[in-house]
Amino acid sequence: MALNDSTHPLAERFRAFVRDRSFPCVGAKSAIGRDQMTFVVARDIGSAWDDLRIYGALLGFATAYRQDPKLFQSFVVIFKGPRLISERQFEQSLWTRVQSLTDKDAWHGQDYDARVSADPDNPHFSLSFGGEGFFVVGLHPHASRPARRFERPALVFNLHDQFERLRDENRYETLRESILERDVAIAGSVNPMLARHGEASEARQYSGRAVDDDWTCPFSVKAKISHDDL
């Protein structure tokens with residue numbers, strides 16, 4: 001069974017943050033309403049201290065999803081600190097943690113999800129853990145977008161397969177439009193980083209910082225390790 005810090009006070013406060021009427025993501029609200037949000041509470045987003053624990057829980061989450069692929073499941077990592085973190089510092093820490101988790105996935109011999117690209121410049125890019133593609137949403141206290149402004153740094157891992165299933169069921173566009181309208185209502189403008197999967201790399205959206213056209217994603221994927229050769 002995957003680790004789940006669901007009773008931690010920070011997990012309780014994150015649920016309250018999402019339940020707030022102004023919070024725009026109705027998908028996250030559905031995950032909480034169905035009790036399908038898994039939590040890991042870690043020390044510091046700038047530290048590798050908890051990476052092994054996070055990776056083990058994330059791998060367990062991906063495995064459990066394949067066994068019971070219910071819609072509206074999310075994996076949330078909340079870091080206790082730092083509270084004073086700029087958008088650029090958060091972005092750097094996000095990609096450092098994501099790179100560390102990806103390296104562990106390769107070391108464990110996990111295949112990259114063939115439905116997505118491992119190239120962060122590719123419009124079909126997504127992260128992959130345990131063979132499942134993931135889109136990451138970063139939140140922190142000093143995010144420029146109000147919907148990303150949680151009291152502690154946090155990373156929300158959403159399954160790529162869920163977005164594709166919603167598209168197949170003709171539910172995705174309605175859900176997306178609802179989120180966009182609610183986000184504009186609290187921010188006063190459309191998020192300039194938003195793009196549909198397949199139009200532009202989603203890597204530009206992860207941290208929540210508005211990046212320039214010449215932004216380069218600090219991420220790469222190593223070849224998976226075959227332990228038969230060790």
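We now turn to the structure provided with this report.

Reading the values: rules and limits
- Residues numbered from 1 in each chain as written.
- Predicted model: local features only at pLDDT ≥ 70, side-chain atom pairs only at ≥ 80, totals over all residues.
- Heavy atoms only, no water.
- Buried < 20%, exposed > 50% of the residue type's maximum accessible area, 1.4 Å probe, protein only.
- Helix = DSSP H or I, 4+ residues; strand = E, 2+ residues; numbered from the N terminus.
- Pairing = 2+ DSSP bridges.
- Right-handed = clockwise from strand over helix to strand, strands pointing away.
- Core = buried A, V, L, I, M, F, W, Y, C linked by side-chain atoms within 4.5 Å.
- Contact = heavy atoms within 4.5 Å.
- Salt bridge = Lys/Arg side-chain N within 4 Å of Asp/Glu carboxyl O.
- Axes fitted to C-alpha atoms, helices over the stretch in contact; angles between N-to-C directions.
- Parallel < 35°, antiparallel > 145°, perpendicular 65-115°, else oblique.
- Left-handed = near helix turned anticlockwise from the far one by under 90°.
- Nonpolar A, V, L, I, M, F, W, Y, C, P; charged D, E, K, R; others polar.
- Polar contact = N/O pair within 3.5 Å; in protein donor to acceptor, adjacent residues only side chain to side chain.

Thoughts on the pairing of strand S2 (residues 74-81)
Across a regular strand the side chains alternate sides, sitting on one face of the sheet and then on the other. For S2, the tally of buried residues reaches seven of eight residues, placing the bulk of the element in the interior. Sheet analysis places strand S1 (residues 37-44) next to S2, joined by seven bridges and oriented parallel. Opposite Phe 39, over in S2, you have Val 76 as the bridge partner. Where the polypeptide runs from S1 across helix H3 (residues 51-67) and back to S2, its parallel neighbour, the crossover connection is right-handed. One ladder, built from five bridges, connects S2 with strand S5 (residues 154-159); its direction is antiparallel. Among the inter-strand pairings, Val 76 is bridged to a residue of S5, identified as Val 156.

With respect to the nonpolar core
Of all hydrophobic cores here, the largest spans 55 residues; its most connected members are Phe 14, Phe 75, Trp 95 and Phe 157. It is H3 that provides the largest number of residues to this core, a total of eight residues. What Trp 95 contacts, discounting residues up to four positions off in sequence, is Phe 125, Ala 203, Tyr 206, Trp 215, Cys 217, Pro 218 and Phe 219. Counting six residues, the second-largest nonpolar core is a separate cluster that includes Leu 71, Phe 72, Leu 166 and Leu 175.

A closer look at the pattern of salt bridges
The tally for this structure, following the rule as stated, stands at 18 salt bridges. Residues Arg 171 and Glu 169 are paired through a salt bridge, measuring 2.8 Å at the closest nitrogen-oxygen approach. Within the structure, one salt-bridge network assembled from shared partners comprises Arg 66, Asp 113, Arg 115, Glu 132 and Asp 161.

Re the environment of Phe 17
Residue position: Phe 17 is located in helix H1 (residues 9-19). A sequence separation of 130 residues divides Phe 17 from Ala 147, and the C-alpha atoms of the two residues are 9.4 Å apart. If we ignore the near neighbours within four places in the chain, the residues touching Phe 17 are Phe 23, Leu 139, Ala 147, Arg 149 and Phe 150.

A short note on the environment of Leu 155
Within the secondary structure, Leu 155 is located in strand S5. Classification of Leu 155 as buried rests on a relative accessible area of 1%. Contacts of Leu 155, omitting those with residues within four sequence positions, involve Ile 45, Phe 75, Val 76, Val 77, Phe 79, Phe 90, Leu 94, Arg 97, Val 136, Val 137 and Gly 138.

Examining the sheet that holds strand S3 (residues 127-129)
Read across the open sheet, the five strands follow the order S1-S2-S5-S4-S3; overall the sheet is mixed. Of all strands in the sheet, those with a lone pairing partner are S1 and S3, marking the two edges. Neighbour-to-neighbour, the strand axes of the sheet open up by a mean angle of 30°, direction not taken into account.

Quick word on the packing of H1 against helix H2 (residues 26-33)
Following both chains from N to C, one finds H1 and H2 inclined at 130°, their axes separated by 9 Å at the closest point. One element, H1, and the other, H2, form an angle in the oblique class. When you trace H1 past H2, the crossing you get is left-handed. Contacts between H1 and H2 involve Arg 15, Val 18 and Arg 19 on the former and, on the latter, Ala 28, Lys 29 and Ile 32. Of the residues that constitute the contact of H1 with H2, the class distribution is three nonpolar, no polar and three charged.

Side note on the side chain of Arg 209
Residue placement: Arg 209 occurs in the segment after helix H6 (172-187). The exposure class of Arg 209 is buried, given its relative accessible area of 11%. At a separation of 3.0 Å, a polar atom in the side chain of Arg 209 contacts the side chain of Glu 91.

Keep in mind these values describe shape, not function.
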